[in-house]
Amino acid sequence: MTETTLNDAPWRDTSATPEDRVETLIRAMTLREKVAQLVGVWVGANTEGGEVAPHQHEMNDAPDLDELLPNGLGQLTRPFGTAPVEPALGALSLQRTQERVAAANRFGIPALVHEECLAGFAAWKATAYPVPLAWGATFNPDLVRTMSSAIGADLRSVGVHQGLAPVLDVVRDARWGRVEETIGEDPYLIGTIATAYVQGLERAGIVATLKHFVGYSASKAGRNLAPVSIGERERADVLLPPFEMAIRESGVRSVMHAYTDIDGVPTAADASLLTGLLRDTWGFDGTVVADYFGIAFLKELHRVAATLGEAAGAALTAGVDVELPTVHTFGEHLLAEIDGGRVDEGLVDRALRRVLRQKLDLGLLDPDWSPVPPALETAETGMPVVDLDSPGNRAIATELAEQSIVLVGNSGILPLAGTPRIALIGPNADTHRAFLGCYSFPAHVGEQHPEIEMGLSIPTVADALQQEFGDSDITIAAGCTIDGTATTGFDEAVAVAGASDVVVAVLGDRAGLFGRGTSGEGCDAESLALPGVQQQLLDELLATGKPVVVVLLTGRPYALGAAATKAAAVVQGFFPGEEGAAAVAGVLSGRINPSGRLPVSIPGSSGAQPSTYLAAPLAQASGVSNIDPTAAFAFGHGLGYTEFTWADAGSTADSTPTDGEATVHVTVTNAGERDGVEVVQLYLHDPVASVVRPVQRLVAYARVPLAAGASARVAFTVPADVTSFTGRDGLRIVEPGALELRLGASSSDIRAALPLTLTGGVRPVDHTRRLHCDVRVDSV
C-alpha cells in the first residue's frame, strides 16, 4: 500500500472505536502476518546509527530480517541493552529500523520495542539506580514512583515502549541468586513498592511488565530455575498478593510468565493461571509475554512437549501472547501446528487482539505515527546529545541510595567523628562494582565489552570516604577477593587495622550472571555465609581489638557470625547504585541520618535455610530441633541517630464484625537532638485460625519524618478484609475470632499489641476485597 492508501485504511481511523480498528485489521491479515505480530527479534543497535543487527544467541540462530519483515514484526528486543551504543546513535539506529519495519509490511505497522529497566534503563551511559531490594529498604513508594517516572521518560525519549520490570517475587529462600531483583520477603511491602514503580513507568507512557508470574522465587534449595513444590495456600496467600495488588491498582499492561513449574505444571502452559486467574478472575486485559526462551523450555527443560510446535501450542492455549526474546517456537513451528489442525487459529486471533490493542494504545497504528524518537525530534542539525544520566536522575538516585542504607547495629561508634586513622579494608572497599546489581548495564552487558569505558562515574567507598573524611589518614587493604580462597592478604589487612583508630570493613557481593558473580541470576549460594574467605577476614579484624564497622554491599542478606554481636557497628546496603558510595560515607560520618529498614531478615545462622520472618509457629526455634532459625536482625529493623518514643497506643474498638473495621493509633515523638525518620509498622497476629497461619505478617506501614522534638499521631484504619486468608476449602475468607494488631518498629520490636475480636459468621471475600489499611499521620 502507498502511504496515502494506508492513511485511508479503516484501522488507521482514529475516530473509530479501538475495538473496530483492531478487528478490521485482524480480518485483513493472513495467518503469517498474524503470527508475525506475536514474536520479537533480538537485536543490537548499530553503533554508527545504522539499522539494528540481529543478535545471535546459543538458544537459536539469528533470524533473517529480509525474510521476516514482509509479514511484519511484533517486537524488537533490547536494541540498547545488547551492546554498548551511544544513546543518540542508538535512537537513530532504532528510528531507521522502525522505518524499515513499517515499510516492509503492507499495513505499515512498526514494532513495539522493549528493554530491561530493573535498576534503571539497562543502556550504556544510563543512570544505575539502586536495585529493587534497596527500594524495599526505603519503605517509600512515593520515591520509587518518582524514580520509575524518570526511568520511563528516558526509555520513551529514545523510542522504547515497554520495560521488563518490576519483579514481584517474594523471597522464600535467600540463597536464591535473584534475591537482589526482589523487593523483599513480605508480600505487602512488595505489593506497595512494586505498584508504585509500575504507576511511575505507566504514567510516563511505558508498558510495565510484572514478573515472574508466579512462584519463581520458591524454587527448591534456592537454585535458579529449579522445581517449585508449594501448596495452593502458599501460592494464594504469599506469592500472588503482590501481583493482585499491582494489577488492581497500577494500570499495568503486561505480565511475564515465570520459568517455574509448580507441582509439575509449568506456568507457561498453565491456562488456569494465565487465563483463569489472571484474566477471567482478576480482569487483566493486557499482554502476557514469555520469559526469554520460556516457551521452548516446555520441550527442552520441562519436557511436557515433544516438539517445539507442541510447546508453542501449549503456551498459546494457556494464554501466552508474545514469544520473547526472538522468533523461535511461534514461527514456523506454530504455523505447522495450525496447518496440521492441532492448534486453533482462533487462539492466534485472541493473542493478536491483545497485541494490536497495545500497539494502538501506544499510537503505533495511528496515521501520524512517527519513527523519530522524541530525543531526536528537536535536532535541527547534527546529532543531539542524549543524556540518560542527567543531574535530575542522579539526584533521585542519591535520595534512593541514602534512604535505602540500613544501620543494622551501632554500639555508639557511629557517627564517626575525630577519627585520625581509618583502616579501610575489604574486597568491596575500592571497586565501583560493589554498588551495581546484576541487571545494571555495566554488570549485565558491559562486562562482555572490557574494551569500552563504563560510561558512568561511580565513586568507590574509598573515593567517598576520602571526600567525607578529608582530615583523616585512610589506609586501604583489600585483604581478600570477593569469592576467592586465598588468605595471603590477611597479614597486610591485620597490620593496617592494628595501626588504625577504627576499621571500616567493606564486604559483600559481586553481581554477575550464571556463576560469574556471587549474586544475580544463576548465582545461587550454598549457604548464607559471606562469600569466599570474607568471614575469616572479618573474624581476624575483630580479633585485633580495634573497633570494626562492618559495611555490607550485597544482593542478599548474609549471616555475620561473631560480628553480629561483636562489631562496633553494622551498615547494610543492597547494591545502592551509582550514588551509593556517598550514601555510605554520609551514614558513617553522620551527614545522613539513616532511615532504611531491612526488607529481608539477616540470618543468625548461615545454614538455617530456607527461613523468613513470614513463618508459622513450627518454623520458629524449638526444643525439638538443634537448628535455630531466629534472625540476627529481623525484617523491618533499622536504627538511626536519634531516639523515638512511642506512647498512647490505643484502638477505637476491641471488636468489629467480619465486614467492619477498627482504627489503631500511636503517638511517635522524636526525642533526640536531630531530625529523623521512624517507620511505624503494623503487624497482624492471628493466634487461632482454621488453618496454620504465620505468627505475624505486615499489613500496613507509615514512613514518618519528624524534626527534633516533634510528635505525630499515626493511625491505621484496619478493614476486616486485610485479615483474610485461604480457608480449608480453597476459598478466601474473613474468619471470626480473636486477633492482635501489633504496632512495631520492626517485626521483632513490637511496641504495642492491641486486641481485636472479629464477630459474626465466616465471610467469603474475593479479589474485590480491600487490600489496604487507611493510613493517617497528623502532627501533634
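Structure first, text after, so check above.
Residues numbered from 1 in each chain as written. Predicted model: local features only at pLDDT ≥ 70, side-chain atom pairs only at ≥ 80, totals over all residues. Heavy atoms only, no water.

Asker: Would you take a moment to explain the sheet that holds strand E20 (residues 655-657) for this structure?
Answerer: Pairing between the strands of a sheet is mediated by backbone hydrogen bonds and can be parallel or antiparallel. Judged by pairing direction, the sheet is mixed, and its five strands sit side by side in the order E20-E28-E27-E22-E23 without closing on themselves. Edge positions in the sheet fall to E20 and strand E23 (697-706), since each of these pairs with one other strand and no more. Sheet twist, expressed as the average angle between the axes of neighbouring strands with direction ignored, equals 25 degrees. Pairing analysis gives five bridges linking strand E22 (residues 676-685) to strand E27 (residues 737-746), with the strands arranged antiparallel. Paired with leucine 682 across the strands is leucine 743, a residue of E27. (Pairing = 2+ DSSP bridges. Helix = DSSP H or I, 4+ residues; strand = E, 2+ residues; numbered from the N terminus. Axes fitted to C-alpha atoms, helices over the stretch in contact; angles between N-to-C directions.)

Asker: What is the right way to look at the side chain of serine 724 in this model?
Answerer: Summarising the element assignment, serine 724 is placed in the loop between strand E24 (711-719) and strand E25 (725-726). The exposure class of serine 724 is buried, given its relative accessible area of 5%. Within polar-contact distance, the side chain of serine 724 engages the backbone oxygen of aspartate 721 at 3.0 Å. Not counting chain neighbours up to four residues away, the residues in contact with serine 724 comprise Arg693, Arg697, Arg732, Ile733, Val734, Val765 and Arg769. (Buried < 20%, exposed > 50% of the residue type's maximum accessible area, 1.4 Å probe, protein only. Polar contact = N/O pair within 3.5 Å; in protein donor to acceptor, adjacent residues only side chain to side chain. Contact = heavy atoms within 4.5 Å.)

Asker: Before we go on, may I ask you to explain helix H9 (residues 232-239) in this structure?
Answerer: Working note: α-helix, 3.6 residues per turn, so residues spaced by three or four point in the same direction. Among the residues of H9, Arg235, Asp237, Val238 and Leu239 are the ones counted as buried. Turning to H9, the residues buried within the fold contact helix H8 (187-203), helix H10 (241-249), strand E8 (261-262), helix H11 (271-281), E25 and strand E26 (732-734).

Asker: I tried to follow the environment of asparagine 46 on my own but got confused; where do I start?
Answerer: Within the secondary structure, asparagine 46 is located in the loop between strand E1 (40-44) and strand E2 (53-54). Residue classification places asparagine 46 among the partly exposed residues on the basis of a relative accessible area of 27%. Between the C-alpha atoms of asparagine 46 and leucine 94, which are 48 residues apart in sequence, the distance is 8.4 Å. Discounting chain neighbours no more than four positions away, the residues touching asparagine 46 are Glu51, Val52, Val85, Leu89 and Ser93. Here glutamate 48 takes part through its backbone nitrogen, which lies 2.7 Å from a polar atom of the side chain of asparagine 46. A polar side-chain atom of asparagine 46 sits 3.4 Å from the main-chain amide nitrogen of glycine 50.

Asker: When you look at unusual backbone geometry in this model, what are you seeing that I'm missing?
Answerer: Generally, phi is negative for residues other than glycine and the peptide bonds are trans, each holding for most cases. Alanine 165 connects to proline 166 through a cis peptide bond whose omega is 10 degrees. Relative to the helices and strands, proline 166 is located in the loop between strand E5 (162-163) and H8. The linkage connecting lysine 211 with the following residue, histidine 212, adopts the cis geometry, with an omega of 5 degrees. We note that arginine 78 has phi near 50 degrees; this positive angle belongs to a residue other than glycine. Looking at where arginine 78 falls in the secondary structure, it is placed in the loop between strand E3 (75-77) and helix H5 (87-104). Overall, the relative accessible area of 4% leaves arginine 78 in the buried class. You will see that leucine 225, though not glycine, has its phi angle at about 55 degrees, which is positive. For leucine 225, the position within the fold is in the loop between strand E6 (207-213) and H9.

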